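Fold and contact review
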Amino acid sequence: MNAAVIADSECSASARSLVDDRPRTDLGAIQDGVLMVDAHGVVALVNAAAEELLEISTIATLGRTLGELAAGELLAAVRAELALAAPRRSGAHVVEVHRSVDQALLFVRVRVRPARDASGRIAGSFVSLRDVTAEHKVAERKNRYLSIVAHELRTPLTGIKTFSTMMAKGALGALSTPQASVVGSICEQVLRLEHQIDKLVHLGTLDSDEFAPDLAVFELCELIAQSMRAFEKAATDRGIELRADLCATATPVRADRAQIRRALQALVENSVKFSRDGGHVVVSSTIRDDRSVEITVADDGAGIDPRYHARIFEKFFQVEDPLTRHHGGSGLGLFFVKSIVEAHGSVVRVDSRLGGGSKFSFALRLADDAPSEHTPSGAGGLPG
Amino acid sequence: MERTVLIIEDEKLIIVSTQMVLEAAGFRVESAVNGEEGIQKAKSTRPDLVLLDIMMPGIDGWETLTRLKRDPETSGIPVIVFTAREHARGHQKSTEMGAADYFRKPFEPDELIELVEKHIGQSV
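All of the points below concern the structure found in this document. (Residues numbered from 1 in each chain as written. Chains lettered and ligands numbered in written order. Predicted model: local features only at pLDDT ≥ 70, side-chain atom pairs only at ≥ 80, totals over all residues. Heavy atoms only, no water.)

**Notes on the overall build of chain B**
The helix and strand inventory of chain B stands at five helices and five strands. Starting at the N terminus and walking to the C terminus, you meet the elements of chain B as β-α-β-α-β-α-β-α-β-α. Put simply, chain B has 124 residues, and 55% of those count as buried. Taking as baseline every contact in chain B between residues at least 6 positions apart, the subset at least 24 positions apart corresponds to 64%. For chain B, the accessible area works out to roughly 4900 Å², and carbon and sulfur atoms hold 48% of it. (Helix = DSSP H or I, 4+ residues; strand = E, 2+ residues; numbered from the N terminus. Buried < 20%, exposed > 50% of the residue type's maximum accessible area, 1.4 Å probe, protein only. Contact = heavy atoms within 4.5 Å. Areas by Shrake-Rupley, 256 points an atom, 1.4 Å probe, with all protein chains shown as cover.)

Here it is, written out as structure tokens:
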């Protein structure tokens, strides 16, 4: 099917006004399904790939509204997507549908964009359809594999962590100084491994549904205090004062506890790591006028040159040269912090200069104010 | 009065290490290595709280939770779900299914005790 066929014989009159002045594209050769409806919802154009995916025929479709067509689940999903996108006429979602002919499960990305006439006015909508079933299955297999790997690694780690922590506490008897030192090192390395597993899982599931915040109400200040404990020894060993300056009132938030913990730990870990010996790290919480709580992790360490402020949140970016750097790390910590905080509808702020320490902050809405939907925006969209 | 925690978990290592933490904090501990055995022990020992793993052979933790909450004999026992695997919206799901809380392995022993203390005896 060539461009002339599409443009001249398979377009309705209403569509012609939208496409006549545009460069003609060979829609038949496009692998994605393409569908156009005018302002009244009348189908104006449809290509072969769209016919196949939507289980319709061009002859029966052109000049009729989508609502008049009896077809499969995907057409219903397209109608829903058009209705959802109506105010701004754009949007994209992956929908899960069953093909009528054989009930095969398909994952299709439905993207809606405005169609404009020659004068630039919005005169309808373009809908593109891409079968992403294969990609979805690969991602699903990858996520399942990562989840199993995480389980297999975390299970023995749970035993090692529990036993070593109990030994360090003296629950199995008093330890000599060298024994206590060795056990302390085991505890530290277990924590390091735990963080690496978290990062591995996080990186693998970042773009999938697995990463959507698992919202529950919890006491934020309690979590902050718990998150800091893991770094007490590292701080003490270097004479760093690690202090919590938390608000006295209750701070219930509706968020993903495990994700917020990871974000907090990444920030505290960085502050301790980049602090000079004998320095100070303060984690504080403040209730703001807009019924949100702001969490700040501040240190008086090396600081970050402002020209790197935007880049430090990039995946794998590190200010230090990887070959000559003094501090370990994968360059993923701040990337995860940003991903997590943004998934909760907030933003991470950085205030830092070379030699002047660093201050990272983000805010979460208090639970008594939060909407109840189980969506990322349900965690409260915040200005930061 | 001694308070009892029932651990339903297929990994012996996790049972032994978790038991050590709980006993050091003064709890009596019962354990079961799968869901079926766990449900039976919950009925026979009437624990004050259940720690429930998700990934188990036979009936998994979700099904075990469903059965514990459906049975009038065990429905009032608070259940804390603990898991080493990522479950999409696992916290929401477990809360909706009647669990008192949800947390991930590896855990900090102190946090486990805080969580158990928070929910134990709180009939749901």
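**A few points about the layout of surface pockets**
Considering only enclosed or pocket space, the second largest pocket measures out at about 790 Å³ in volume. In terms of lining, the second largest pocket is formed by 42 residues, of which the most central are Arg 257 and Ala 258 of chain A together with Tyr 102, Phe 103 and Arg 104 of chain B. Mapped onto the lining of the second largest pocket, the elements with two or more residues apiece are helix H6 (133-168), helix H7 (177-205), strand E6 (216-219), helix H8 (220-229) and helix H10 (257-273) of chain A together with helix H4 (90-96), strand E5 (101-104) and helix H5 (109-119) of chain B. With six residues, the top contributor of residues to the lining of the second largest pocket is H5 of chain B. Class assignment of the residues belonging to the lining of the second largest pocket gives a composition of 15 nonpolar, seven polar and 20 charged. Split by domain, the residues of the lining of the second largest pocket number at least three in each of domain 2 (133-211) and domain 3 (213-384) of chain A. (1 Å grid on protein atoms, 1.4 Å probe; cavity = no way out; pocket = protein on both sides within 12 Å on 5 of 7 lines; lining within 4 Å. Points joined across faces, edges and corners; volume = space filled by probe spheres on them. Nonpolar A, V, L, I, M, F, W, Y, C, P; charged D, E, K, R; others polar. Domains from an automatic or database assignment.)

**Observations concerning the nonpolar core**
All names here are of chain A. Core analysis: the biggest nonpolar cluster contains 36 residues, and Leu 220 and Ile 260 have the highest contact counts within it. Counting residues per element, this core draws most heavily on H10, which supplies seven residues. The contact partners of Ile 260, leaving out residues within four places of it in the chain, are Phe 218, Leu 220, Leu 223, Ala 255, Ile 340, His 344, Phe 362 and Leu 364. Listed in part, the 23 residues of the second largest apolar core include Val 37, Val 46, Ile 56 and Leu 66. (Core = buried A, V, L, I, M, F, W, Y, C linked by side-chain atoms within 4.5 Å.)

**Focus: the pairing of strand E3 (residues 91-98) of chain A**
All names here are of chain A. Here eight bridges tie E3 to strand E4 (residues 105-116), and the two strands are oriented antiparallel to one another. Its bridge partner lying in E4, His 98 is registered against Leu 105. Taken together, E3 and the strand that follows it, E4, pair antiparallel across an intervening segment of six residues, in which Gln 103 is found at a positive phi of about 60°. (Pairing = 2+ DSSP bridges.)

**Some thoughts on the pattern of salt bridges**
Applying the stated rule across the entire model yields 30 salt bridges over all chains. A salt bridge links Arg 262 of chain A to Asp 198 of chain A; the shortest N-O distance between them is 3.7 Å. Note that Arg 262 of chain A is positioned in helix H10 and Asp 198 of chain A in helix H7, a separation of 64 residues in sequence. Accessibility expressed as a relative area gives 16% for Arg 262 of chain A, which makes it buried. The shortest N-O distance in the salt bridge between Glu 30 of chain B and Lys 41 of chain B comes to 4.0 Å. Separated by 11 residues along the polypeptide, Glu 30 of chain B in strand E2 (residues 28-32) and Lys 41 of chain B in helix H2 (residues 35-45) bring together distant segments of the chain. By relative accessible area, which is 23% here, Lys 41 of chain B ends up partly exposed. Through salt bridges with shared partners, one network takes in Arg 28, Glu 30, Glu 37 and Lys 41 of chain B. (Salt bridge = Lys/Arg side-chain N within 4 Å of Asp/Glu carboxyl O.)

**Some points on the pairing of E4 of chain A**
Residues and elements named next belong to chain A. Here E4 runs beside strand E5 (residues 122-131); their pairing, made up of nine bridges, is antiparallel. Counterpart to Arg 111 in the pairing with E5 is Ser 128. In this antiparallel pair of consecutive strands, E4 and E5, the connection spans five residues, and Gly 120 shows a positive phi of 90°.

**Describing a nonpolar patch on the surface**
On the surface, Ile 160, Val 182 and Ile 186 of chain A cluster together into a nonpolar patch covering about 240 Å² of accessible area. Mapped onto the fold, Val 182 of chain A is located in helix H7. (Patch = residues over 30% accessible without salt bridge, like charges linked within 9 Å, V, L, I, M, F, W, Y side chains within 5 Å.)

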